[in-house]
Amino acid sequence: MTDAVVALGKREEWIDWLRVAACFMVMVVHSTEPFYIGGSGALILTRADAFWAAVLDSFVRACVPLFLVASSYLQFPLHYSAGEFFRRRALRVLVPFVIWSVVYALAWGEPVQNIKDLLLNFNYAAGHLWFVYMLVGLYLVMPLLSPWAEKVGKKELQFWLGLWLFTCLLPLIRNWASGGQMAMIYGPSGIPRAARYPLWGEASWNTYGTFYYVSGVAGYLLLGLYFRRFVGELSWKKTLAAGLPCWLAGFALTAGGFLRRALASAGGVFPVEGGLEGIVVWETTWDYDNLGIALMTIGWILLFRKIPNRSGGFFRKVLLPVSLASYGMYLCHMLVLSRWSGFFRDRLGLGDAGVLGVWTTPVQILLTALCSFVCVAVVAVLLKKIPKVGKYIMG
């Protein structure tokens with residue numbers, strides 16, 4: 001979601017393709033949410049909806065890590081001073097974020113309270129804006145890690161990536177160690193999270209266990225660095241031999257985990273519903289620090305790197321402008337997507353009773369994502385072209 005210019009001055013077009021695809025993937029994720037989130041919490045109407053939510057959402061769930069890998073590939077280690085880096089990121093990331101945060105605060109819910117809440121956190125009605133807070137956190141540590149990243153060798157980086165991949169097992173280890181009993185803790189906002197089962201030094205008075213500092217989404221910074229520094233051109237045979245097993249294993253963990261938990265909650269009877277804690281439990285294998293997501297990310301990267309640099313008319317006139325506006329598209333897309341989602345639900349119906357039977361749900365999801373993507377892309381590209389102010393609106 002940052003400038004698609006590599007430090008060496010050579011545009012690597014696969015990054016632009018990746019960012020456009022990841023942007024569409026985000027919209028598929030959000031188009032899927034109404035089929036397992038409803039009312040005041042979790043809601044799945046039919047067994048078919050559980051299946052389609054598991055398959056379609058899991059298929060694209062690596063979207064956020066792909067954006068992080070793209071940022072790392074282009075920006076890490078830093079190519080200029082920390083001060084210059086923060087100045088550029090503030091203009092490209094924070095200014096558009098503030099603008100759209102205010103837009104959402106005024107558009108949805110109670111505007112006055114929403115504006116006050118922005119002093120402490122994002123507007124929960126625009127939940128996708130969590131991404132920016134996480135991204136800024138990564139930007140804050142990039143200057144600290146850059147001197148090491150400039151000198152790290154291949155084997156040393158492989159060690160840290162291996163350690164990070166092990167930490168991606170921690171959500172599954174916690175679930176296994178707790179016997180699947182995911183007690184809920186409710187904060188002031190009423191938003192639940194799975195209680196942490198203490199592992200390796202963690203306790204009620206200490207959340208900073210052994211692997212705290214080498215876990216989380218920061219691993220995707222290392223992944224982007226590794227691909228840029230140490231992974232050369234691979235043949236299709238090697239690409240598929242490495243990427244396909246990674247992607248399939250990751251998809252099995254991700255989709256299988258969601259579907260198993262959803263079916264267990266239903267006990268064979270649909271619709272199944274519950275509070276917000278139900279969503280947290282079902283999404284256990286959808287967390288971005290989960291092994292399944294990490295493996296799928298690796299598979300996607302290997303695939304996208306096979307896209308050649310051709311700079312044809314379609315790339316220059318269509319795909320590149322959309323890629324450069326992808327951050328703005330991410331920020332504003334929910335304003336459009338929510339409308340398309342309601343439109344198709346009214347026309348096609350719900351679940352197995354819809355006009356297309358068991359195919360109603362996947363068609364709704366894909367149509368909502370596609371129409372939202374096209375509309376938002378057109379608007380974002382046009383807004384970004386406005387002289388002087390366009391870059392502050394769209395990034």
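About the cut-offs
Residues numbered from 1 in each chain as written. Predicted model: local features only at pLDDT ≥ 70, side-chain atom pairs only at ≥ 80, totals over all residues. Heavy atoms only, no water. Salt bridge = Lys/Arg side-chain N within 4 Å of Asp/Glu carboxyl O. Helix = DSSP H or I, 4+ residues; strand = E, 2+ residues; numbered from the N terminus. Buried < 20%, exposed > 50% of the residue type's maximum accessible area, 1.4 Å probe, protein only. Pairing = 2+ DSSP bridges. Core = buried A, V, L, I, M, F, W, Y, C linked by side-chain atoms within 4.5 Å. Axes fitted to C-alpha atoms, helices over the stretch in contact; angles between N-to-C directions. Parallel < 35°, antiparallel > 145°, perpendicular 65-115°, else oblique. Left-handed = near helix turned anticlockwise from the far one by under 90°. Contact = heavy atoms within 4.5 Å. Nonpolar A, V, L, I, M, F, W, Y, C, P; charged D, E, K, R; others polar. Patch = residues over 30% accessible without salt bridge, like charges linked within 9 Å, V, L, I, M, F, W, Y side chains within 5 Å. Areas by Shrake-Rupley, 256 points an atom, 1.4 Å probe, with all protein chains shown as cover. Bend = angle between axes of the 7 residues up to and from the residue. pLDDT = per-residue confidence, 0-100. 1 Å grid on protein atoms, 1.4 Å probe; cavity = no way out; pocket = protein on both sides within 12 Å on 5 of 7 lines; lining within 4 Å. Points joined across faces, edges and corners; volume = space filled by probe spheres on them.

S.K.: Explain the pattern of salt bridges residue by residue, including any values.
M.R.: In the structure shown here, the tally under the stated rule is six salt bridges. Asp16 is the salt-bridge partner of Arg19, the closest N and O atoms lying 3.6 Å from each other. Taken as a pair, Arg19 and Asp16 lie in helix α1 (residues 13-32) at a separation of three residues, close to a single helical turn. Exposure class is identical for Arg19 and Asp16. Each is buried.

S.K.: With reference to specific residues and values, describe the sheet that holds strand β5 (residues 272-274).
M.R.: An order of β1-β2-β5 is seen for the three strands of this open sheet, with the pairing classed as antiparallel. Only two strands of the sheet have a single neighbouring strand rather than two, namely β1 (37-38) and β5. Alignment of strand β2 (residues 41-44) against β5, held across three bridges, turns out to be antiparallel. Within the sheet, the bridge partner assigned to Ala42 lies in β5 and is Gly274.

S.K.: For the pairing of β2, give the residues involved together with the corresponding values.
M.R.: Bridge count for β1 against β2 is two bridges, and the pairing is antiparallel. Residue pairing in the sheet places Ile37 in a bridge with Ala42 of β2. In this antiparallel pair of consecutive strands, β1 and β2, the connection spans two residues, and Gly39 shows a positive phi of 65 degrees.

S.K.: Quick one: what's the story with the environment of Ile386, residue by residue and with numbers?
M.R.: Structurally, Ile386 is set in the loop between α15 (360-384) and α16 (390-394). Through-space distance from the C-alpha of Ile386 to that of Trp300 is 34 Å; in sequence the pair is 86 residues apart.

S.K.: Residue-level account of the nonpolar core, with values.
M.R.: Ranked by size, the top nonpolar core spans 93 residues in total, and within it Leu68, Phe131, Tyr220 and Met329 carry the most contacts. It is α1 that provides the largest number of residues to this core, a total of eleven residues. With 13 residues, the next largest nonpolar core counts Ala42, Ala53, Phe258 and Ile279 among its residues.

S.K.: Explain the packing of α1 against helix α14 (residues 326-348) residue by residue, including any values.
M.R.: At their nearest, the axes of α1 and α14 sit 10 Å apart, and the two run at 25 degrees to each other. One element, α1, and the other, α14, form an angle in the roughly parallel class. Here α1 and α14 pass one another in a crossing that is right-handed. In contact with Arg19, Cys23, Val26, Met27, His30 and Ser31 of α1, α14 contributes Ser326, Met329, Tyr330, His333, Met334 and Leu337. Among the residues forming the contact of α1 with α14, the class breakdown is seven nonpolar, four polar and one charged.

S.K.: Can you break down a nonpolar patch on the surface residue by residue, with the values?
M.R.: Together, Trp236, Leu240, Leu244, Leu248 and Leu303 give the surface a local cluster of nonpolar side chains, amounting to about 480 Å² of exposed area. With four residues, the single largest contributor to the nonpolar patch is helix α10 (residues 236-266). By the element assignment, Leu240 lies in helix α10. For Leu240, a relative accessible area of 44% puts it in the partly exposed group.

S.K.: I'd like a description of α14, backed by residues and values.
M.R.: Of all bends in α14, the biggest is about 50 degrees, found at Cys332. One or two steps after α14, the chain reaches Gly349, where phi turns positive at roughly 85 degrees.

S.K.: Any chance you could break down the confidence of the model for the protein chain for me, citing the residues and the numbers?
M.R.: Per-chain confidence: the protein chain averages 89 in pLDDT, with 93% of residues scoring 70 or above. Across the protein chain, helix α12 (residues 291-304) holds the top mean pLDDT of 97, while strand β3 (residues 184-186) sits lowest at 53. Residue range residues 1-9 is modelled with pLDDT below 50. Its contacts to residues more than four positions away, or to other chains, number 28 contacts.

S.K.: How would you sum up unusual backbone geometry? Please name residues and give values.
M.R.: Phe76 connects to Pro77 through a cis peptide bond whose omega is 0 degrees. Residues Phe270 and Pro271 are joined by a peptide bond in cis, for which omega reads 5 degrees. In this model, Trp200 sits at a positive phi of 50 degrees, which is unusual for a non-glycine residue. Summarising the element assignment, Trp200 is placed in the loop between β4 (192-194) and α9 (219-230).

S.K.: An account of empty space enclosed by the protein is requested, with residue identities and associated values reported.
M.R.: Evaluated as defined, the whole model comprises one cavity of 30 Å³ or more. Here the largest cavity defines a volume of roughly 30 Å³. Along the walls of the largest cavity sit Glu233, Leu234, Thr239, Leu302, Arg305 and Lys306, which together make up its complete lining. Its residues assigned to classes, the lining of the largest cavity comprises two nonpolar, one polar and three charged.

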